[in-house]
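Tertiary structure, described
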Amino acid sequence: MTKNIIFCVSGVTLGFLLGFFIANSVSQNVASSTAATPSATRPDGPRPLGPGETTADLPPNHPDIGASSSEAGRVSAAERAAAEKADAAPQDFTAQFEAGKVFYDSHNYEKAAQYLERALALRPQDAAALTLMGNAKYDAQDYVSAATFYERSLAVKPDDPNVRTDFGLTFFLRRPPDPQRAIAEYRKSLAIDPKHEMTWQNLAAAAVYMKDKRTAIEALDKLASINPQNPALGSLRNDAEALDEDGTTRY
């Protein structure tokens, strides 16, 4: 599973939100979007911290964990155990990587990055660690840094369509966005896997943003043939059909 971005051209321009099941919108003149969290190394999604989970401050903007004020700022026993194991064996790549993953799964992206930096110091070319670091930077909304680590991962493992699509998405979400570069990366992903659903979805969304009706419709037709139940298909189709052939929007 990879990140995705959904466009609805119904009023204003680009908005976005991280989180696969969380919806939000920001307005400009043409589109709104939702982007999924990265998941190449986390197929089941992150587990939020539960109430009463032990010591250390949470990072700024940590998701609400439903704990009381006296419980806020606690970390889980799993996080503490992983950190202790990694700290006791700073030359153990696996311990550093696993600590990074535990903190990442708990949405503590800053702490995850600290352990992943250690892991990458030991194995700079490890594709899994590079990808997870990219995911941590992406979820922290540092898209430029995320792109750096995804690019390094692709240098090691170039045929991963998930990472290639996520790499493209970082160009779309940064400010200012670079949708043409995003589309170029999506096409590279499709050369690897012509039936990669999220790549077609992201390509359609980027084409709508670019007001490229022909590309958007072609991408949506392909998306529909792969998964006619794709939840973004209807809204993206409406947005694409609202475009005139010259790229203007009809409302």
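Parameters and conventions
- Residues numbered from 1 in each chain as written.
- Predicted model: local features only at pLDDT ≥ 70, side-chain atom pairs only at ≥ 80, totals over all residues.
- Heavy atoms only, no water.
- Helix = DSSP H or I, 4+ residues; strand = E, 2+ residues; numbered from the N terminus.
- Contact = heavy atoms within 4.5 Å.
- Areas by Shrake-Rupley, 256 points an atom, 1.4 Å probe, with all protein chains shown as cover.
- Phe/Tyr/Trp six-rings, centres within 6.5 Å; stacked < 30°, edge-to-face > 60°.
- Buried < 20%, exposed > 50% of the residue type's maximum accessible area, 1.4 Å probe, protein only.
- Expected span 1.5 Å × (residues − 1).
- Polar contact = N/O pair within 3.5 Å; in protein donor to acceptor, adjacent residues only side chain to side chain.
- Axes fitted to C-alpha atoms, helices over the stretch in contact; angles between N-to-C directions.
- Parallel < 35°, antiparallel > 145°, perpendicular 65-115°, else oblique.
- Left-handed = near helix turned anticlockwise from the far one by under 90°.
- Nonpolar A, V, L, I, M, F, W, Y, C, P; charged D, E, K, R; others polar.
- Salt bridge = Lys/Arg side-chain N within 4 Å of Asp/Glu carboxyl O.
- Core = buried A, V, L, I, M, F, W, Y, C linked by side-chain atoms within 4.5 Å.

This part takes up the overall build of the chain. Each helix and strand in the chain was counted, giving ten helices and zero strands. For the chain, the succession of helices and strands along the chain, N to C, is α-α-α-α-α-α-α-α-α-α. Considering only intrachain contacts with a sequence separation of at least 6, the fraction spanning at least 24 residues in the chain is 52%. For the chain, the exposed area adds up to about 11,700 Å²; of that, 51% sits on carbon and sulfur atoms.

According to the stated counting rule, one finds six aromatic pairs in the structure shown. With a centroid separation of 5.7 Å and 0° between ring planes, the pair formed by Phe103 and Tyr115 is classed as stacked. With Phe103 in helix α2 (residues 93–105) and Tyr115 in helix α3 (residues 109–122), the pair connects residues that are twelve residues apart, well separated along the chain. Since its relative accessible area comes to 4%, Phe103 is described here as buried. Judged by its relative accessible area of 3%, Tyr115 falls in the buried class. On the basis of an interplanar angle of 75° and a centroid distance of 5.1 Å, the ring pair of Phe172 and Tyr209 is categorised as edge-to-face. Highlighted residues: Phe172 in helix α6 (residues 161–173) and Tyr209 in helix α8 (residues 197–209), separated in sequence by 37 residues.

Moving on, we come to α6. Compared with an ideal rise of 1.5 Å per residue, which puts 13 residues at 18 Å, α6 spans 18 Å between its outermost C-alpha atoms and is within 8% of the ideal. In terms of burial, α6 is a largely internal element, 13 of the 13 residues being buried. With a side-chain oxygen positioned 2.9 Å from the backbone nitrogen of Asn162, the residue opening α6 is Asp160.

Counted at 1.5 Å a residue, the expected span for α8 with its 13 residues is 18 Å, and the 19 Å between its end C-alpha atoms agrees. Of all 13 residues in α8, eleven are buried, a share of seventy percent or more. Among the residues making up α8, those that are buried are Met198, Thr199, Trp200, Gln201, Asn202, Leu203, Ala204, Ala205, Ala206, Ala207 and Val208.

For the pair helix α4 (residues 127–139) and α6, interaxial distance at closest approach is 12 Å and the crossing angle is 30°. By the angle between their directions, the pair α4 and α6 is classed as roughly parallel. Considering the relative orientation of α4 and α6, their crossing is left-handed. Residues Thr131, Asn135 and Tyr138 of α4 touch α6, and the partners they reach there are Val163, Asp166, Leu169, Thr170 and Leu173. Classifying every residue of the contact of α4 with α6 by side-chain character gives four nonpolar, three polar and one charged.

Counted by the stated rule, this structure contains seven salt bridges. Between Asp105 and Lys101 there is a salt bridge, with the nearest N and O atoms lying 3.0 Å from each other. Taken together, the positions of Asp105 and Lys101, both in helix α2 and four residues apart, correspond to about one turn of that helix. Judged by relative accessible area, Asp105 falls into the buried class, the value being 16%. Among the ionic pairs, Arg214 bridges to Glu218, the shortest N-O distance being 3.3 Å. Note that Arg214 and Glu218 are positioned in helix α9 (residues 213–226) at a spacing of four residues, about one turn of the helix. For Arg214, a relative accessible area of 63% puts it in the exposed group. Ionic contacts of the salt-bridge type, sharing partners, join the residues Arg164, Arg181, Glu185 and Lys188 into one network.

Counting residues in each nonpolar core, the largest one holds 32 residues, and the members touching the most others are Tyr138, Phe172, Tyr186, Leu203 and Leu220. Residue assignment for this core shows that the elements contributing at least two residues are α5 (143–156), α6, α7 (179–192), α8, α9 and α10 (233–241). Considering each element in turn, this core owes the most residues, seven residues, to α8. Sequence-distant contacts of Leu220, defined by excluding residues within four places in its chain, comprise Ala204, Leu233, Leu236, Arg237 and Ala240.

Moving on, we come to the side chain of Thr199. Within the fold, Thr199 resides in helix α8. Residue classification places Thr199 among the buried positions, given a relative accessible area of 0%. Setting aside residues up to four positions removed in sequence, Thr199 forms contacts with Pro161, Thr165, Tyr186, Ser189 and Leu190.

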